[in-house]
Structure formats: C-alpha cells, structure tokens
Amino acid sequence: SEVRLAVPNLAAVDPRNAAGRGGRCRGQKRPTHTRSSRRSRRRAAMVNSDLISRIEYSEKYSDENYEYRHVILPKELAKTLPKSVLMSEQEWRAAGIQMSRGWQHFMIHRPEKHIFLFRRPLGTDPVSGKVDPELEREAKDRYHKYLQDNTNVE
C-alpha cells in the first residue's frame, strides 16, 4: 500500500503565474458559483430558517424514570428526514431541533411521522447531558409527591 501526499499546485496559487487568464492557471476550471446560485442558496437558507422557526416543542412530562417531550416538525421539514430510523443527537440537531443536552430520540409516532418523541433520564443536567445523582433523587421525590397528591387512594 502506497501512501501519497497531496502537494498543492503552486502555480494555481501564485497570481503571477496566472496572469492574463482571470486569475486562473491553465487547466483550472472556472468557479462554479454565480450570483444566481448564491441567491438560491440564500433563499434555501431562509426557507430552512422559516421551517426551523415553525418547530413546536411540548412541555416536559415524566414518569418515575424519564422525562419526556415531543417535537412537532413542519411536514415539509419532516419529509426530508429518515422516516423509520431513530436519529442520533447530532442528526436531530442538524435538522434544526433545539433542546438542551441529554435528550434521546426514542420513538416515532407512527400515525403522524412528523411528531418525534424524546426522553432523558430524570436528573439529567441540561448543560452536560449527564445524570446527576442528586438531581435524579430530587426529581424522583417530586414525582412521587405528585403521585401522592393527585391519586385517590382510599
């Protein structure tokens, strides 16, 4: 197996060697970007930011182990994402979903595939994404107190 190093073409970099050819050296292609392609990229970015601004986030809800929230994406945005695959944090962040750390995409709502369901363990530190034992204990205590206050056990 031979290792090759990429050596830059110094003639392409030095403008003295490219004189008379619009700043390009022989054999070098013209730039592919034009004003219209820049404009269309800007328009696409605006459309994406418009779609991202239309993402809806639920309030958090919990059980004794996890806190949950669902995210409702605009259908146009949801069509561009994988439909039957759970996304990693990097993937859902790249899609424009913005939440604190530690959330896991754990379920797809089959009847409405533009609704994504997320969860994270109780007591997760939103900055680090790691479970803090003290925060976990406090969250579980709050949950059990809520159950005691809101169930009719006679």
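Residues numbered from 1 in each chain as written. Predicted model: local features only at pLDDT ≥ 70, side-chain atom pairs only at ≥ 80, totals over all residues. Heavy atoms only, no water.

## Digging into the side chain of S58
Now for step 1: Secondary-structure assignment places S58 in the loop between β1 (56-57) and β2 (61-62).
Now for step 2: For S58, the side chain forms a polar contact with the main-chain nitrogen of H70, separated by 2.8 Å. (Helix = DSSP H or I, 4+ residues; strand = E, 2+ residues; numbered from the N terminus. Polar contact = N/O pair within 3.5 Å; in protein donor to acceptor, adjacent residues only side chain to side chain.)

## Re the environment of Q104
Now for step 1: Looking at the element boundaries, Q104 is found in strand β4 (residues 104-108).
Now for step 2: Relative accessible area serves as the criterion here: at 42%, Q104 is assigned to the partly exposed category.
Now for step 3: Separated by 15 residues in the primary sequence, Q104 and R119 have C-alpha atoms spaced 5.4 Å apart.
Now for step 4: Residue contacts for Q104: discarding those within four places in its chain leaves L117, F118 and R119. (Buried < 20%, exposed > 50% of the residue type's maximum accessible area, 1.4 Å probe, protein only. Contact = heavy atoms within 4.5 Å.)

## A look at the confidence of the model for the protein
Now for step 1: Averaged over all residues, the pLDDT of the protein is 77; the fraction at 70 or higher stands at 68%.
Now for step 2: The weakest mean pLDDT in the protein belongs to helix α1 (residues 10-13) at 42; the strongest belongs to β1 at 96.
Now for step 3: Segment residues 3-22 is flagged for pLDDT under 50; beyond a separation of four residues in sequence, or across chains, it makes 10 contacts in the model.
Now for step 4: The low-confidence segment residues 42-47, where pLDDT is below 50, has 0 contacts with residues more than four positions distant or belonging to other chains. (pLDDT = per-residue confidence, 0-100.)

## Side note on the packing of aromatic side chains
Now for step 1: For the structure shown, the criterion picks out 4 aromatic pairs.
Now for step 2: Plain terms: the ring middles of W92 and F118 are 5.2 Å apart, the flat faces sit at 70° to each other, and that makes the pair edge-to-face. Note that W92 is positioned in helix α4 (residues 89-94) and F118 in strand β5 (residues 115-121), a separation of 26 residues in sequence.
Now for step 3: Residue classification places W92 among the buried residues on the basis of a relative accessible area of 0%.
Now for step 4: According to the relative accessible area criterion, F118 is buried, its value standing at 0%.
Now for step 5: Cluster of aromatic residues (ring-pair linked, three or more members): Y61, Y66, Y68 and F106.
Now for step 6: A cation over a ring is seen here: R119 above Y66, with NZ or CZ 4.3 Å from the ring centre. (Phe/Tyr/Trp six-rings, centres within 6.5 Å; stacked < 30°, edge-to-face > 60°. Lys NZ or Arg CZ within 6 Å of the ring centre and 35° of its normal.)

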